[in-house]
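So the chains spell out like this:
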Amino acid sequence: MMFPSKKIVERVRKIYPARTRVELIRMDDCQAPPIGTKGTVTAVDDTASLIMKWDNGCGLNVVYGVDEVRKITD
């Protein structure tokens, strides 16, 4: 697996700062929360993955380049 560059990580951190609300579109994991589940970004790690707190209690992260979410504007 190729890790994203520091430039990409910084860009993702600007797009998804802590407390950003998102909705799950796609996640490649058998334990993923259901599509449409909403959650809050708590951080972005050094691989550009979103560290998540899903509303249903799930803790799976959104993997950069694999999973997909959309920002929710309240």
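Here, the structure is the one placed above.
Note that this is a predicted model, so its numbers are computed, not measured.

### Quick notes on the overall build of the chain
Helix and strand content of the chain: 1 helix and 4 strands. Across the chain, helices and strands are ordered from the amino to the carboxyl terminus as α-β-β-β-β. C-alpha atoms of the chain, sized along the principal axes, occupy 30 × 30 × 15 Å. A burial count over the chain gives 32% of its 74 residues as buried.

### Digging into the environment of I72
Relative to the helices and strands, I72 is located in the segment after β4 (68–71). Those residues in contact with I72, other than ones at most four positions away along the chain, are R21, V22, E23 and K38.

### Let's talk about the environment of C30
With respect to the element layout, C30 can be found in the loop between β1 (21–26) and β2 (38–44). C-alpha of C30 to C-alpha of R13: the two residues are 17 residues apart in sequence and 26 Å apart in space.

### Here we look at the nonpolar core
One finds Y16, V22, L50, M52, W54, V62 and V69 to be the most contacted residues of the largest nonpolar core, which totals 15 residues. Mapped onto this core, the elements with two or more residues apiece are α1 (6–15), β1, β2 and β3 (50–54). No other element matches β3, which puts 3 residues into this core. Among all residues touching V62, those that are not within four sequence positions of it are M27, S49, L50, M52, W54, D67 and V69.

About the cut-offs
Residues numbered from 1 in each chain as written. Predicted model: local features only at pLDDT ≥ 70, side-chain atom pairs only at ≥ 80, totals over all residues. Heavy atoms only, no water. Helix = DSSP H or I, 4+ residues; strand = E, 2+ residues; numbered from the N terminus. Buried < 20%, exposed > 50% of the residue type's maximum accessible area, 1.4 Å probe, protein only. Contact = heavy atoms within 4.5 Å. Core = buried A, V, L, I, M, F, W, Y, C linked by side-chain atoms within 4.5 Å.

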